[in-house]
Amino acid sequence: MNKELVIVFVKNIKLGKVKTRLAKTIGNQGAFDVYTELVSVTENATQKLKANKRIYFSESIVENQWNSHQKFVQEGADLGERMKNAFIKGFQDGYNRIVLIGSDLPDITANHINKGLEALTEHDVVFGPAEDGGYYLVGLSRAHHFIFNNKPWSQTHLLQETLNEIKEKQVTFTTLDTLNDIDNFEDLIASEFYQTNTELQEKIKQLQG
């Protein structure tokens, strides 16, 4: 059995339910279009990975997306609990290097994910820092549940607070390249993902009228 697992957390793509901060500027349809494209980027990045993959949807499994992957629904009261439960299941099923990513990263590649898995051969924990102070990737080689408990989700000090606790507990960790996720309009227009996607630009311009 392949001992490496990649977990992808993906939101069900519903109008008015995705990229809500972005929607304040470009509307629900614009946010829907952007998130749909970001999920495609994530699918492409994970396609050629040798590791096994599990897709965790926010609300319900979508049969016509992520074909030939194991699919689950996220379980838990907050993001931390949902991530922790996905890791617990992975370790219970015999994996010993597990990386979890989100699905709103325009620059994510297979290389970032493979580096995360590789880092776990020498470290207990790996993070891919996001420019907003959170992280786009978290990986574990053993179940350190405290990482997901009582954390300031969506706050700018999330990663720093988590790293402080990891250092206190003398758990080994490393970090990858910092990437920017897309939360607002400024993030979007600054991204190469948007600047090189003329079709998406046209859609957004039309929506903005």
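Going by the structure above, here's the rest.
Overview of the structure. (Residues numbered from 1 in each chain as written. Predicted model: local features only at pLDDT ≥ 70, side-chain atom pairs only at ≥ 80, totals over all residues. Heavy atoms only, no water.)

## Structural notes on the pairing of strand β4 (residues 97-101)
Here comes step 1: Counted residue by residue, β4 has four buried out of five residues, so it is predominantly covered.
Here comes step 2: Relative to β4, strand β1 (residues 4-10) runs parallel, the two being bridged by five bridges. Bridging across to β4, E4 finds its partner in R97.
Here comes step 3: As paired elements, β4 and strand β6 (residues 135-140) share four bridges and run antiparallel to each other. When the sheet's bridge partners are listed, L100 is paired in β6 with V138. (Buried < 20%, exposed > 50% of the residue type's maximum accessible area, 1.4 Å probe, protein only. Helix = DSSP H or I, 4+ residues; strand = E, 2+ residues; numbered from the N terminus. Pairing = 2+ DSSP bridges.)

## Some details on the packing of aromatic side chains
Here comes step 1: The tally for this structure, following the rule as stated, stands at five aromatic pairs.
Here comes step 2: Where F127 meets Y135, the ring centres are 4.8 Å apart and the plane angle is 55 degrees; that geometry is what we call tilted.
Here comes step 3: When its relative accessible area of 14% is taken as the criterion, Y135 is described as buried.
Here comes step 4: Feature note: the residues F9, Y56 and F72 constitute an aromatic cluster, connected by ring pairs. (Phe/Tyr/Trp six-rings, centres within 6.5 Å; stacked < 30°, edge-to-face > 60°.)

## Regarding helix α4 (residues 158-168)
Here comes step 1: Listed as buried for α4 are L158, L159, T162, L163 and I166. The buried residues of α4 occupy an angular sector of 120 degrees when projected down its axis, which confines them to one face.
Here comes step 2: Next to the buried residues of α4 lie β5 (125-129), β6 and β7 (173-175).
Here comes step 3: Immediately beyond the C-terminal end of α4, within one or two residues, lies Q170, with a positive phi of roughly 55 degrees. (Arc of directions from axis to C-beta. Contact = heavy atoms within 4.5 Å.)

## Some words on unusual backbone geometry
In terms of backbone geometry, most residues other than glycine have negative phi values and most peptide bonds are trans.
Here comes step 1: Positioned with a positive phi, K19 is a non-glycine residue whose angle comes to about 50 degrees.
Here comes step 2: We note that S154 has phi near 65 degrees; this positive angle belongs to a residue other than glycine.

## Description of the pattern of salt bridges
Here comes step 1: Per the stated rule, a full pass over the model turns up nine salt bridges.
Here comes step 2: Two residues, K14 and E59, come together in a salt bridge whose shortest N-O distance is 2.6 Å. Highlighted residues: K14 in the loop between β1 and α1 (20-47) and E59 in the loop between β2 (52-57) and β3 (70-73), separated in sequence by 45 residues.
Here comes step 3: Using a relative accessible area of 40% as the deciding quantity, one classes E59 as partly exposed.
Here comes step 4: We note a salt bridge from R54 to D93, for which the minimum N-O separation is 2.7 Å. Of this pair, R54 sits in strand β2 while D93 sits in the loop between α2 (79-92) and β4, and the two are 39 residues apart along the sequence.
Here comes step 5: A residue is classified by how much of its surface remains accessible, and R54, at 4% relative accessible area, is buried.
Here comes step 6: You can call D93 partly exposed: its relative accessible area is 30%.
Here comes step 7: The structure contains a network of salt bridges with shared partners spanning K19, R21, D104 and D183. (Salt bridge = Lys/Arg side-chain N within 4 Å of Asp/Glu carboxyl O.)

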